[in-house]
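# Chains, contacts and geometry: an overview
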Amino acid sequence: MLPASDPICAPATPLLPAAVAVVRVSGGGLARLLAPLLVLPEPRRASLRTLAWDGFRERALVLYFPAPESYTGEDVVEFQTHGNPLLVRRLLRHLGTLGVRLAEPGEFTRRALLNGKQGLLEAEALRDLVAAETDTQVRMAQARAGAQPGWITEARRRLAPWMARAEAAVDYGEDEKIYLNLEDLALDLEPLRAQFHVEHRRAQAGQHLRDGIRLAVVGRPNAGKSTLFNALAGEDRAIVTDIPGTTRDVLEVRCEWRGLPLRLFDTAGLRDTEDPVERLGMARIGPLLEAADLVLHLVPSGEEASGLIQATLLPFQGKVLEVRTFSDRAAVPGVAVAANLGHLDALEGALRERLLGGLAPDACLGALATDRQVELLAELAEQMDLLLGLRRDCPPELPASMLQGAWGLLSRLTGEDRADSALEALFSGFCLGK
Ligand SMILES: Nc1nc2c(ncn2[C@@H]2O[C@H](COP(=O)(O)OP(=O)(O)O)[C@@H](O)[C@H]2O)c(=O)[nH]1
Ligand SMILES: [Mg+2]
């Protein structure tokens with residue numbers, strides 16, 4: 001799709017009553033286009049203007065960013081009006097009569113990308129920043145919103161000469177006796193291969209942090225589920241008693257615990273019961289187990305899990321973590337906790353191990369983390385495995401095409417591959433005025 005620069009406008013703040021609303025306009029020749037409404041102020045200087053149209057007289061703070069030094073790279077004007085949604089709609093409608101149409105979601109960012117004002121990785125980070133719900137998620141998005149990761153630049157620097165050599169070997173090998181030394185190539189690119197694997201692992205951890213970790217807490221009645229749930233949530237959300245069958249519904253809370261963004265689910269205890277309400281609660285556990293990233297199976301120290309629970313968890317074995325509760329009563333090996341006393345270090349370690357590949361949340365701050373990024377990193381790592389695993393006597397066409405492949409994956413990652421559908425997917429996920 002070709003860059004369009006017809007003038008667009010959109011509210012940059014939600015259409016709700018508020019102190020201030022921001023309306024953004026972007027396009028070519030805004031000074032002339034908006035002349036009937038106002039005389040644009042000096043570039044980048046906030047100035048009060050009275051906007052008069054249809055009988056309205058709105059005192060607004062106006063900012064003008066002439067092209068190319070603006071968010072989109074085009075002329076940009078921002079109006080800060082009083083935060084009345086009706087007023088904002090009327091202003092947008094009036095802008096329409098001046099030839100400024102309403103933007104599509106993400107259209108400002110699309111223009112920023114096409115005009116080279118922003119990279120795809122940065123745009124994705126900014127989208128995540130807007131959507132982040134916990135401290136870790138905000139920090140992660142901020143860490144990614146800056147410059148492109150250095151390892152990408154470094155990867156290109158290392159790949160480029162080998163691509164040239166491989167191409168020369170393909171084009172002139174036979175006649176000019178130009179051969180590609182795969183021994184040297186492997187030696188030189190091994191650190192890169194290792195790095196891609198490291199970045200992929202960090203990205204998988206980052207993906208969990210970005211999306212929030214869905215943790216289901218299950219176990220027999222009185223196993224300490226609600227106590228653990230409350231301890232992780234940092235608030236008393238679930239009722240805790242020593243009466244079996246207290247929790248009957250699924251409770252959900254979103255929180256951050258020790259740097260881990262969690263979506264926690266407390267459940268009804270699993271046991272044979274005639275109580276119809278309790279049984280309904282138990283019936284809800286199946287879908288929850290399906291959706292969970294990790295299932296915490298709570299077993300009081302010194303006990304064995306019942307046959308009923310073992311059968312329920314059997315299909316999910318791969319994501320069940322057995323947690324020993326009441327560790328204050330009996331010392332047991334494994335992941336032992338006493339949530340009522342705040343003894344949870346073993347659980348923290350186990351969660352990092354199972355979900356973050358042993359990394360601390362802080363170690364994942366700059367990691368790539370969207371589904372798209374993680375998938376591309378996996379492909380990159382695999383491509384390098386294939387390249388470095390080639391037989392030394394294979395024809396140069398093979399390494400040449402794999403090097404091209406790796407290069408292409410990097411370009412898709414950074415968004416320089418304009419044909420990639422990732423761009424469209426990104427914009428559709430944006431809110432209006434972004
Ligand atoms: N001593 C000790 N008591 C606990 C522990 N965890 C929970 N409890 C107590 O065990 C009882 C049942 O806990 P609760 O969280 O309601 O269990 P649930 O039925 O699995 O949700 C309550 O009286 C809790 O205070 C623990 O680790 N140690
Ligand atoms: Mg409970």
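What you are looking at is a predicted structure, and each value in this text was computed from that prediction instead of being measured.

### Thoughts on the overall build of the protein chain
Within the protein chain one finds 15 helices and twelve strands. A globule of 434 residues ought to have a C-alpha radius of gyration of about 22 Å, yet the protein chain, at 28 Å, is considerably larger. Along the first, second and third principal axes, the C-alpha set of the protein chain runs to 80 × 80 × 30 Å. A buried classification covers 48% of the 434 residues belonging to the protein chain. Long-range contacts, defined as pairs at least 24 residues apart, comprise 66% of the intrachain contacts of the protein chain with a sequence gap of at least 6. Working note: accessible area of the protein chain is about 20,600 Å², and carbon and sulfur atoms make up 53% of it. In the protein chain, 48 positive and 59 negative side-chain charges are present, and the distance between their average locations comes to 6 Å.

### Points about the sheet that holds strand β9 (residues 260-266)
With respect to topology, six strands assemble into an open sheet ordered β8-β9-β7-β10-β11-β12, the strand pairing being mixed. Either end of the sheet is taken by a strand with one partner, and the two such strands are β8 (251-257) and β12 (335-336). The sheet contact formed by β8 and β9 spans seven bridges and is antiparallel. Each bridged residue has a counterpart across the sheet, and for Leu 251 the counterpart in β9 is Asp 266.

### Here's the deal with the environment of Tyr 71
For Tyr 71, the location among the structural elements is in the loop between β4 (56-65) and β5 (75-83). Taking C-alpha positions, Tyr 71 is 30 Å from Asp 54, a pair spaced 17 residues apart along the chain. Side-chain polar atoms of Tyr 71 contact the side chain of Thr 109, separated by 2.9 Å. A distance of 3.5 Å separates a polar atom in the side chain of Tyr 71 from a polar atom in the side chain of Gln 118.

### Describing the sheet that holds β4
Strand order in the open sheet made by the six strands is β3-β4-β5-β2-β1-β6, with mixed pairing throughout. The open sheet is flanked by β3 (47-53) and β6 (101-102), the only strands paired with a single partner. As judged from the two bridges shared by strand β1 (residues 8-11) and β6, these two strands associate in the parallel manner. Paired with Ile 8 across the two strands is Arg 101, which belongs to β6.

### Quick look at the nonpolar core
If you look at the biggest cluster of nonpolar residues, it comprises 35 residues, and the most contacted ones within it are Leu 215, Leu 228, Leu 264, Leu 296, Leu 347 and Leu 351. Elements with a contribution of two residues or more to this core: α7 (182-211), β7 (213-219), α8 (225-233), β8, β9, β10 (294-300), β11 (320-325) and α12 (345-355). Of the domains in this structure, domain 2 (150-208 + 365-414) and domain 3 (212-364) are the two that each give at least three residues to this core. Discounting chain neighbours no more than four positions away, the residues touching Leu 215 are Leu 232, Leu 262, Arg 263, Leu 264, Phe 265, Leu 294, Leu 296 and Leu 351. With 34 residues, the next largest nonpolar core counts Trp 162, Ala 169, Ala 400 and Leu 409 among its residues.

### Thoughts on unusual backbone geometry
With an omega dihedral of 0°, the bond running from Ala 67 to Pro 68 counts as a cis peptide bond. Position of Pro 68 among the secondary structure elements: in the loop between β4 and β5. Positive phi is not limited to glycine here, since Phe 326 has a value of about 55°. With respect to the helices, strands and loops of the structure, Phe 326 is situated in the loop between β11 and β12.

### Some points on the domain arrangement of the protein chain
Along its sequence, the protein chain is carved into domain 1 (8-117), domain 2 (150-208 + 365-414) and domain 3 (212-364). Distance between the C-alpha centres of domain 1 and domain 3: 50 Å.

### Regarding the site of ligand 1
For ligand 1, the set of nearby residues contains 18 residues, the closest of which are Asn 222, Lys 225, Ser 226, Thr 227 and Asp 328. One of the backbone nitrogen or oxygen atoms of Thr 241 is found 3.2 Å away from an oxygen atom of ligand 1. A distance of 2.8 Å separates a nitrogen atom of ligand 1 from a polar atom in the side chain of Asp 328. In terms of residue class, the shell around ligand 1 is built from seven nonpolar, six polar and five charged.

### Observations concerning the pairing of β7
Burial analysis of β7 places six of its seven residues in the buried class, which makes it a mostly covered element. Relative to β9, β7 runs parallel, the two being bridged by five bridges. Bridging across to β9, Arg 214 finds its partner in Arg 263. Relative to β10, β7 is paired through five bridges, and the arrangement is parallel. Bridge pairing links Ala 216 to Val 295 in β10.

The rules behind the values
- Along each chain, numbering runs from 1 in the same order as the chain's sequence is written.
- In the order they appear in the text, chains get letters beginning with A and ligands get numbers beginning with 1.
- Thresholds applied to this predicted model are a pLDDT of at least 70 for local features of residues and 80 or more for the giving and counting of side-chain atom pairs; totals over whole chains, interfaces and linings are not thresholded and use all residues.
- Side-chain measures were taken over the full set of non-hydrogen atoms in the model, leaving aside hydrogen atoms and water.
- Only DSSP runs of H or I reaching four residues or more are called helices, and only runs of E reaching two or more are called strands; each is numbered from the N terminus.
- It is over C-alpha atoms that the radius of gyration is taken, and the globule rule equals 2.2 Å times the number of residues to the power 0.38.
- Only protein chains enter the calculation, and the probe is 1.4 Å; a residue is then buried if its accessible area is under 20% of its type maximum, exposed if over 50%, and partly exposed in between.
- In this description, contact between two residues means that some pair of their heavy atoms is separated by no more than 4.5 Å.
- Using the Shrake-Rupley algorithm and a 1.4 Å probe, accessible areas are obtained, with residue cover drawn only from the displayed protein chains.
- By the counting scheme adopted, Arg and Lys are positive, Glu and Asp are negative, and His together with the chain ends is not counted.
- Where a charge lies is defined by one atom per residue type, namely NZ (Lys), CZ (Arg), CG (Asp) and CD (Glu).
- Only strands joined by at least two bridges in the DSSP assignment are considered to pair.
- Each polar contact in these results corresponds to two N or O atoms within 3.5 Å; when the atoms are within protein, one needs to be able to donate a hydrogen and the other to accept it, and residues that are neighboring in sequence are counted only if both atoms are side-chain atoms.
- In plain words, nonpolar cores are sets of buried Ala, Val, Leu, Ile, Met, Phe, Trp, Tyr and Cys residues tied together by side-chain atoms within 4.5 Å.
- These domain limits were set by an automatic method or by a database of domain assignments.
- Whether a residue is near a molecule or strand depends on its heavy atoms: it is near if one of them lies within 4 Å of it.
- Each residue is assigned to one of three groups, with Ala, Val, Leu, Ile, Met, Phe, Trp, Tyr, Cys and Pro labelled nonpolar, Asp, Glu, Lys and Arg labelled charged, and all others, Gly among them, labelled polar.

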